[in-house]
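Structural characterization, general
Okay, here's what each chain looks like letter by letter:
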Number of protein chains: 2
Amino acid sequence: MPNIKVQPSGNIYEYEVGKTLLEVLLEEGIFVDNPCNGKGLCGKCKVRILEGELSEPEDTERKLLKQEEMENGVRLSCLVKPETDLEIELMQKERKHQVLTGGYIPSFAFDQDIQKIVVEIQKPTLEDQTSFEDQILRQIPKASLELGCLQMREFVSGQVTVVLHGNQVIQIEEGNTTEKMYGVAVDIGTTTVVCTLIDMLTGKELAHASMINAQKHFGLDVLTRITYELEHPEDGVEKLQKALVNSINEMIEDICCQAEVSKEWIYEIAVGANCTMMHMLLGVPATSLGRSPYAPVFVCGKDIKAKEIGLCAAEGARLYCLPSVSAYIGADIVAGAYVCQLQKESGNVLFIDIGTNGEIVLSSHGRLLCCSCAAGPALEGMNISSGMRAAEGAIEDVTITESGIEWKVIGNEKPIGICGSGILAVVKELLRVGLVRKEGAFIKLNKLEESDYRFHMLQENGKKREFILSEEQKLLITQGDIRQVQLAKGAILSGFLALLKKAGIQMEDLDKVMIAGQFGAHLPADSLVGTGIIPKEVQEKLVYVGNSSKTGAYMALMSAKVKREMEELARQMDYMELGATENYERLFSECLIFPNVK
Amino acid sequence: MPNIKVQPSGNIYEYEVGKTLLEVLLEEGIFVDNPCNGKGLCGKCKVRILEGELSEPEDTERKLLKQEEMENGVRLSCLVKPETDLEIELMQKERKHQVLTGGYIPSFAFDQDIQKIVVEIQKPTLEDQTSFEDQILRQIPKASLELGCLQMREFVSGQVTVVLHGNQVIQIEEGNTTEKMYGVAVDIGTTTVVCTLIDMLTGKELAHASMINAQKHFGLDVLTRITYELEHPEDGVEKLQKALVNSINEMIEDICCQAEVSKEWIYEIAVGANCTMMHMLLGVPATSLGRSPYAPVFVCGKDIKAKEIGLCAAEGARLYCLPSVSAYIGADIVAGAYVCQLQKESGNVLFIDIGTNGEIVLSSHGRLLCCSCAAGPALEGMNISSGMRAAEGAIEDVTITESGIEWKVIGNEKPIGICGSGILAVVKELLRVGLVRKEGAFIKLNKLEESDYRFHMLQENGKKREFILSEEQKLLITQGDIRQVQLAKGAILSGFLALLKKAGIQMEDLDKVMIAGQFGAHLPADSLVGTGIIPKEVQEKLVYVGNSSKTGAYMALMSAKVKREMEELARQMDYMELGATENYERLFSECLIFPNVK
Ligand code: FES
Ligand code: FES
């Protein structure tokens with residue numbers, strides 16, 4: 001096997017041919033920033049090649065690198081597949097311990113709530129009958145024991161390992177088990193649930209699983225599920241909770257199996273989720289979240305026994321639920337804001353999580369304002385005539401040129417539909433080539449010459465005009481599809497502008513715009529700007545941060561201080577209800593207008 | 001109905017004819033000391049009659065009152081049954097709020113852990129979507145909510161009542177429910193379990209139930225039950241726990257029904273019990289308590305959710321288990337020591353709880369020493385040839401005179417056996433009249449003249465001599481019975497003396513000797529001293545304190561400060577293992593000798 005020498009550490013690793021350089025490095029636990037998850041979109045995964053041969057850069061890579069960088073041997077690690085011995089230099093300072101893959105993560109020190117301490121239990125004698133519990137408490141002053149640690153436990157002497165959560169003894173194990181300490185970071189989205197197994201001693205990610213949220217049987221969106229609760233007062237809450245809990249338990253089995261770890265060694269589970277999912281996970285009725293004025297039952301972070309809601313891990317394992325701000329600014333957004341360290345920003349930073357709901361947080365000179373806007377599911381590929389999720393066979397990028405329509409299909413298969421990033425790209429292109437006007441309507445066919453390369457791209461279906469994305473696969477983009485994107489655009493942009501207005505700052509005052517969320521990571525800057533979701537003025541300031549909810553859960557798992565700071569952050573975030581702001585309707589309709597091209 | 005005017009308050013109460021004056025007063029919640037539970041034994045229930053007629057005092061009463069007291073109108077309230085209008089004066093200072101019947105109780109201020117606070121939940125609006133939880137937390141800063149309070153609870157607005165346990169919100173109720181706040185004080189003895197329903201707003205005892213400990217199916221004594229655990233590793237601990245929990249649940253039903261209170265309003269249950277019972281109640285294996293060196297798994301007080309062990313009360317109700325000191329100095333003794341305020345004694349006070357195990361605590365100038373001695377069940381009427389529990393038909397007192405043998409039978413029935421206080425009285429009488437010698441043997445028949453009134457009281461059965469308690473009922477006291485009492489006496493007295501020796505104080509330095517426990521209350525001073533269980537020198541210093549374990553549980557229920565002080569007290573009590581002290585065997589055999597009479 002060829003090997004790779006990594007500077008500045010000088011460490012040498014063997015690697016298998018066939019993987020990208022980014023994959024090779026991440027698998028060795030070497031941190032390389034990769035907000036777009038190695039898709040060649042973000043341009044952040046730069047490394048400098050010191051020695052060794054690589055194929056010449058292609059267009060995508062050239063576009064993302066400056067001339068000067070290329071001359072200095074800089075490459076995008078996600079776009080190169082090394083085959084021979086190599087020496088490289090990392091361009092970011094390596095952050096200690098931070099090996100979670102798949103997203104931006106700020107520097108932080110490990111300071112787990114979970115700790116293991118070995119104590120020696122003396123065999124009692126007639127002269128010293130000190131109880132089992134007191135022998136532990138004498139060796140760990142300030143600790144207190146949960147009853148569960150003593151139940152079904154006889155007096156054993158010799159070495160025992162005490163598992164602490166803060167000052168609370170949550171479990172006692174015979175012998176020295178300090179080498180086993182695992183946790184799970186969970187991100188519950190309305191659509192997908194993701195679980196990551198973490199070695200809590202090193203902070204390393206050991207295994208990863210994701211699945212469709214099993215609540216889909218009760219409705220695809222949050223509101224339908226809340227309606228299910230309302231209509232099934234006897235057991236709706238319980239059924240929705242069970243669906244989530246069972247999914248997580250299944251994934252815990254899976255990741256434990258992958259990493260060959262017993263789930264008895266999992267002592268903490270940290271969860272990021274939107275506010276409704278959090279209510280449902282904990283078995284708290286979410287009905288008030290489903291109707292105006294959208295008041296949650298709770299928003300604070302929760303720290304309970306994992307088994308209280310039926311999660312299967314160590315007997316005494318804890319569950320930490322990240323704090324939310326309001327019904328529509330959930331713990332996923334607090335996690336994101338924290339991961340981006342918005343509370344520490346001295347300038348003006350805007351954070352956007354794009355999904356069915358767009359959540360926006362503005363950090364302006366230390367003040368935090370947030371809002372949520374109903375973008376609809378178009379940007380996730382739903383509610384679109386040929387829409388589909390981002391899976392194999394989905395068109396994820398489109399280019400219209402004089403010679404025709406080009407697509408990029410996930411898995412390089414024949415296209416079977418179009419996903420969120422694809423539909424956004426189409427709209428951007430339609431605007432660019434002038435097939436769609438800024439009010440959102442297709443141009444009339446009679447405005448085009450038959451000789452125009454665009455003429456055969458449109459067709460009329462009764463009174464409705466449609467864009468023929470693929471004749472062969474009968475993939476069309478309808479006027480309705482454009483309207484869906486337009487509504488999403490209006491919702492997000494109006495939230496964006498309303499926050500700026502509320503904070504009294506101008507567009508040019510913005511220092512950074514951070515794009516977060518599972519879906520956001522797949523929406524390239526030119527599409528976002530080209531469709532006007534994000535104003536052109538901030539294009540240069542876009543930063544992608546990946547799945548920051550999962551990262552937030554990971555950080556909470558690895559640090560008690562992070563938990564405290566997140567709670568603090570959640571309290572500082574002022575929520576602004578868009579529907580209740582002055583002139584919002586007018587702002588929204590102005591924001592529906594697509595940007596002028598040329 | 002006639003009425004009774006009580007000075008110094010001047011309050012007037014109607015009463016039903018047929019009850020003793022003590023019963024009338026206690027039912028009205030007026031505290032009158034009654035350590036012997038109104039049996040005419042302790043002489044503590046004195047009141048002064050100011051106006052009205054009562055029957056002349058009989059012998060029992062005359063014996064317990066001084067001439068001077070009788071001249072001043074003092075009577076024992078448990079021995080008089082008033083029939084007409086009466087005016088009386090209480091002789092003890094009335095202690096505010098302290099209305100628990102059946103035992104001595106020191107003055108203490110109410111300071112319950114449980115509190116109810118009414119808060120107003122605002123209907124949310126688009127401008128103010130504050131969560132249900134946060135609305136509560138804003139009105140009760142420092143509080144934190146248990147998840148259980150939010151589960152199955154929709155967002156309700158209007159008045160809600162928050163039930164706090166310290167700073168923890170354990171339950172939330174719609175409307176204003178501050179008038180309902182109940183608790184249960186439980187005393188779990190090896191033989192009987194006692195539950196008392198307490199109105200936690202007033203501290204009043206509302207109802208009372210007791211039953212035989214359902215664990216009797218697993219063995220009559222603690223050791224047999226521990227053996228059951230050992231022999232049934234799969235479910236022994238669980239079965240023993242269930243037996244206790246079910247008994248308590250049954251009694252909770254019963255007392256709630258008596259007082260017409262819903263068990264949903266019971267927010268705290270406080271339990272006093274010996275160390276083994278406490279382990280078994282909490283489902284903690286007690287096996288280490290059953291074999292030398294008798295080390296408990298835990299001794300600290302425990303504060304958990306009542307439902308964690310299956311107790312039925314309010315959803316969020318708490319269970320407080322009083323702290324123990326060691327395997328054989330349980331929470332019942334800590335409660336007793338606390339009720340007697342041993343930790344505050346400036347002089348030398350000895351506390352004895354007499355039962356199958358005799359537990360002794362010596363408070364000497366602020367230092368607390370304790371020990372436990374295996375007295376055997378004789379003083380509870382068990383292991384005695386004609387023995388029985390103190391129930392109807394049991395001989396509870398015996399006098400031998402020249403004209404024959406007199407007995408007092410519980411319920412004034414024909415005697416069917418003899419209970420603990422009876423057997424002790426017999427032995428005292430046999431010693432007094434010289435039928436038993438101080439080494440514990442019956443005198444030889446040939447030492448008596450046929451004309452001696454005692455001659456026909458003894459008979460020979462083969463080589464064994466027996467005392468004929470009742471010819472008609474064939475009740476005999478055998479040499480073996482005497483030996484049982486002698487063993488109990490040797491055990492208790494040796495513990496008593498060993499503690500004095502360890503503390504370096506003399507008998508005459510003792511200021512008080514307190515007799516506690518369910519059984520102790522029924523053992524009159526002359527029997528205790530006449531048999532030598534208690535040295536004659538301290539006869540004048542005897543004080544009866546009743547069931548102090550139940551009283552301790554009551555006090556813990558009514559005051560967080562009491563709980564803290566009890567934990568502190570338990571830590572201060574130094575346990576001395578008699579078997580491990582020097583020359584104990586010799587001391588024990590010396591203590592077997594009965595006292596010299598005349
Ligand atoms: S990770 Fe390589 S370009 Fe984003
Ligand atoms: S209560 Fe009356 S003598 Fe004891």
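All right, on to the overall build of chain A then. Counting secondary structure elements, chain A contains 14 helices and 27 strands. At 26 Å, chain A has a C-alpha radius of gyration in line with the 25 Å of a compact globule built from 598 residues. Taking all 598 residues of chain A together, the buried fraction comes to 59%. Counted over contacts in chain A with a minimum sequence separation of 6, partners at least 24 positions apart contribute 65%.

Residues and elements named next belong to chain B. Look at helix 9 (residues 420–432): 18 Å from first C-alpha to last across 13 residues, which is about the 18 Å you get at 1.5 Å a residue. Judged by how many residues are buried, helix 9 sits mostly within the fold: twelve of 13 residues are covered. Along helix 9, the positions that sit buried rather than exposed are G420, S421, G422, I423, L424, A425, V426, V427, K428, E429, L430 and L431. The positive-phi residue at the C-terminal boundary of helix 9 is G434, with phi of around 85 degrees.

With an RMSD of 0.3 Å, chain B superimposes on chain A once it is rotated by 180 degrees and translated 0.0 Å along the axis. Here the copies are linked by what is in effect a two-fold axis. Measuring from the rotation axis to each C-alpha of chain B, the shortest distance belongs to E308(B), at 5.4 Å. Comparing contact sets, 100% of the residues at the interface of chain B also lie at the interface in chain A, consistent with an isologous, same-surface contact.

Residue and element names in this part refer to chain A. Each domain of chain A was delimited in the assignment, giving domain 1 (3–90), domain 2 (114–174), domain 3 (182–321) and domain 4 (345–598). Of note, the centres of domain 2 and domain 3, computed from C-alpha atoms alone, are 31 Å apart. Listed per partner, the contact involves eight residues of domain 2 and eleven residues of domain 3. Summing both sides of the interface, domain 2 and domain 3 together bury roughly 780 Å²; the carbon and sulfur share of this comes to 56%. On the domain 2 side of the interface with domain 3, the three residues burying the most area are I114, H165 and Q171, jointly 53% of the side's total. Applying the counting rule to domain 2 against domain 3 returns two salt bridges.

The next thing to look at is the interface of chain B and chain A. Counting residues at the interface gives 45 residues for chain B and 45 residues for chain A. With both chains or domains summed, chain B and chain A bury close to 3600 Å², and 62% of this area falls on carbon and sulfur atoms. Counting across the interface, chain B meets chain A through two salt bridges. Ionic pairing is found between K302(B) and E133(A), a salt bridge with its closest N-O pair at 2.3 Å. Secondary-structure elements contributing two or more residues to the side of chain B that touches chain A are helix 4 (132–139), helix 6 (236–259) and strand 14 (302–305) of chain B. Tallying contributions element by element places helix 4 of chain B first for the side of chain B that touches chain A, with four residues.

All names here are of chain A. The element strand 18 (residues 367–374) is extensively covered by neighbouring structure, given that six of its eight residues are classed as buried. Examined bridge by bridge, strand 17 (residues 357–364) and strand 18 share eight bridges and lie antiparallel to one another. By the bridge assignment, N357 is partnered in strand 18 with A374. Between strand 17 and strand 18, which pair antiparallel and follow one another directly, the connecting turn spans two residues, one of which, H365, has a positive phi of 50 degrees. Sheet analysis places strand 18 next to strand 27 (residues 574–575), joined by two bridges and oriented parallel. Bridge pairing in strand 27 places C370 opposite Y575.

This next bit is on the sheet that holds strand 24 (residues 475–478) of chain A. Residue and element names in this part refer to chain A. Read from one edge of the open sheet, three strands run 22-23-24, paired in antiparallel fashion. Two strands in the sheet have a free side with no partner beyond their single neighbour: strand 22 (458–461) and strand 24. For this sheet, the mean inter-axis angle between neighbouring strands, taken without regard to orientation, is 40 degrees. Pairing between strand 23 (residues 464–470) and strand 24: four bridges, direction antiparallel. When the sheet's bridge partners are listed, I468 is paired in strand 24 with L476. Together, strand 23 and strand 24 form the strand contacts of helix 10 (residues 479–503), whose direction differs from that of strand 24 by roughly 60 degrees.

Residues and elements named next belong to chain B. An order of 2-1-5-3-4 is seen for the five strands of this open sheet, with the pairing classed as mixed. Sheet topology places strand 2 (11–14) and strand 4 (74–76) at the edges, where each strand pairs with a single neighbour. In this sheet, adjacent strand axes meet at a mean angle of 35 degrees when their direction is disregarded. The pairing of strand 1 (residues 3–7) with strand 2 spans four bridges and is antiparallel. Bridge assignment links K5 to a residue of strand 2, and that residue is I12.

Right, let's get into the nonpolar core. A general feature of soluble globular proteins is that nonpolar side chains tend to end up buried together. If you look at the biggest cluster of nonpolar residues, it comprises 113 residues, and the most contacted ones within it are I188(A), I269(A), L319(A) and M573(A). Every residue in contact with L319(A), bar those within four places of it in the chain, is listed here: I269(A), V271(A), L282(A), K302(A), D303(A), I304(A), K305(A), A306(A), I309(A) and L311(A). Counting 111 residues, the second-largest nonpolar core is a separate cluster that includes V162(A), I252(B), L322(B) and F351(B).

Residue and element names in this part refer to chain A. Taken together, the side chains of E508, D509, D511 and E537 define an acidic patch exposed on the protein surface. Relative to the helices and strands, E537 is located in the loop between helix 11 (525–530) and strand 26 (542–546). Exposure remark for E537: the relative accessible area of 53% places this residue in the exposed category.

Reading the values: the criteria
Residues numbered from 1 in each chain as written. Chains lettered and ligands numbered in written order. Predicted model: local features only at pLDDT ≥ 70, side-chain atom pairs only at ≥ 80, totals over all residues. Heavy atoms only, no water. Helix = DSSP H or I, 4+ residues; strand = E, 2+ residues; numbered from the N terminus. Rg over C-alpha atoms; globule rule 2.2 N^0.38 Å. Buried < 20%, exposed > 50% of the residue type's maximum accessible area, 1.4 Å probe, protein only. Contact = heavy atoms within 4.5 Å. Expected span 1.5 Å × (residues − 1). Least-squares fit on C-alpha atoms with pLDDT ≥ 70 in both. Domains from an automatic or database assignment. Buried area = accessible area lost by both parts, 1.4 Å probe. Salt bridge = Lys/Arg side-chain N within 4 Å of Asp/Glu carboxyl O. Pairing = 2+ DSSP bridges. Axes fitted to C-alpha atoms, helices over the stretch in contact; angles between N-to-C directions. Core = buried A, V, L, I, M, F, W, Y, C linked by side-chain atoms within 4.5 Å. Patch = residues over 30% accessible without salt bridge, like charges linked within 9 Å, V, L, I, M, F, W, Y side chains within 5 Å. Areas by Shrake-Rupley, 256 points an atom, 1.4 Å probe, with all protein chains shown as cover. Lys, Arg positive; Asp, Glu negative; His and termini not counted. Charge placed at Lys NZ, Arg CZ, Asp CG, Glu CD.

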